[in-house]
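Breakdown of the fold
Here's the letter readout for the chains.
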Amino acid sequence: MCRGHHTISKQSYHGDLNLSITHIQLNSQGKAGRDKQRNPHCIRSTETECDLTNELDVKGVYTAEVLSESLHGMTSDHVEPPYTRSKQFCPYNDTLIGRPEFKLMTSEDKKIVLIIQDPITALHKDGRSLNIRDIFKKNLKYRIAYNKAGSTGKKTITVDESRAEFSRLDEDQSYCFSVAAYIPSRKGDKMFGEWSLPKCSPQEHKTLIEARYQL
């Protein structure tokens, strides 16, 4: 969910690359105990990642166990096949959120308007891709950082929607903006997604006659 998919990675053991994943088993931490489920798409694979996006309940809590074995015809120094278990994770709280895209516009009354595009996830429903607004709903906010072009002093605001207006800015100045998804219910550095690349508004150059007229 965000940054594409939720994957489990397998690292090589002591430089041994002659291993394949026998299977990846998901352990769901439910109220009635742990339910174990083997992923049929991650069996006997030499890939270092396996996409589990469609196997997970977004708000479920899981651990993943990775078992491996030597490739057919290859030998290994391991007495027993390497085995590892992931840390406990919850897709809703732990999935990394990628940088959002946004547009800068100027309204007729000279306000700078930001239109933010909610990042698309790897989840689907009713034939369409879900975005992070579909997942987090009212819990999704955006943090916007902005400053005058060339200045290091930044200000930040938080908005609830995917649109923000700035009206109290100097009209003859260019301002630069960056945006990141903000999930207040998360903990630590996982509250924020990846910051977008900055975009700057054009600087308006007024003639001397225009400046005198406004005075």
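Above this text sits the structure in question.
Below or above, wherever it landed, is the structure these notes cover. (Residues numbered from 1 in each chain as written. Predicted model: local features only at pLDDT ≥ 70, side-chain atom pairs only at ≥ 80, totals over all residues. Heavy atoms only, no water.)

A separate point is the pairing of strand β12 (residues 155-159). By the bridge criterion, 5 bridges tie strand β11 (residues 141-148) to β12 in an arrangement that is antiparallel. Looking at the pairing, Ala145 lines up with Thr156 of β12. (Pairing = 2+ DSSP bridges. Helix = DSSP H or I, 4+ residues; strand = E, 2+ residues; numbered from the N terminus.)

Backbone geometry at Lys110 places phi at a positive 75°, although glycine is not the residue there. Here Lys110 is to be found in the loop between β7 (101-106) and β8 (112-117). We note that Lys137 has phi near 50°; this positive angle belongs to a residue other than glycine. With respect to the helices and strands, the residue Lys137 is situated in the loop between α2 (132-136) and β11. On the accessibility criterion, Lys137 (54% relative accessible area) is exposed. (Buried < 20%, exposed > 50% of the residue type's maximum accessible area, 1.4 Å probe, protein only.)

Turning to the sheet that holds strand β15 (residues 199-200), a few remarks are in order. Across the sheet, 4 strands lie side by side as β12-β11-β14-β15; this open sheet has antiparallel pairing. The two strands at the open ends of the sheet, each matched to only one other strand, are β12 and β15. Strand direction decides the pairing type here: strand β14 (residues 175-182) and β15, joined by 2 bridges, are antiparallel. Its bridge partner being in β15, Cys176 is matched across the sheet by Cys200.

Bringing the side chain of Asn131 into the picture now. Checked against the element boundaries, Asn131 lands in strand β10 (residues 128-131). Of the residues examined, Asn131 reaches a relative accessible area of 17% and is grouped as buried. Polar side-chain contacts of Asn131 include one of 2.9 Å to the backbone nitrogen of Arg133. Ignoring sequence-local partners within four residues, the contact set of Asn131 consists of Asp118, Pro119, Ile120 and Thr121. (Polar contact = N/O pair within 3.5 Å; in protein donor to acceptor, adjacent residues only side chain to side chain. Contact = heavy atoms within 4.5 Å.)

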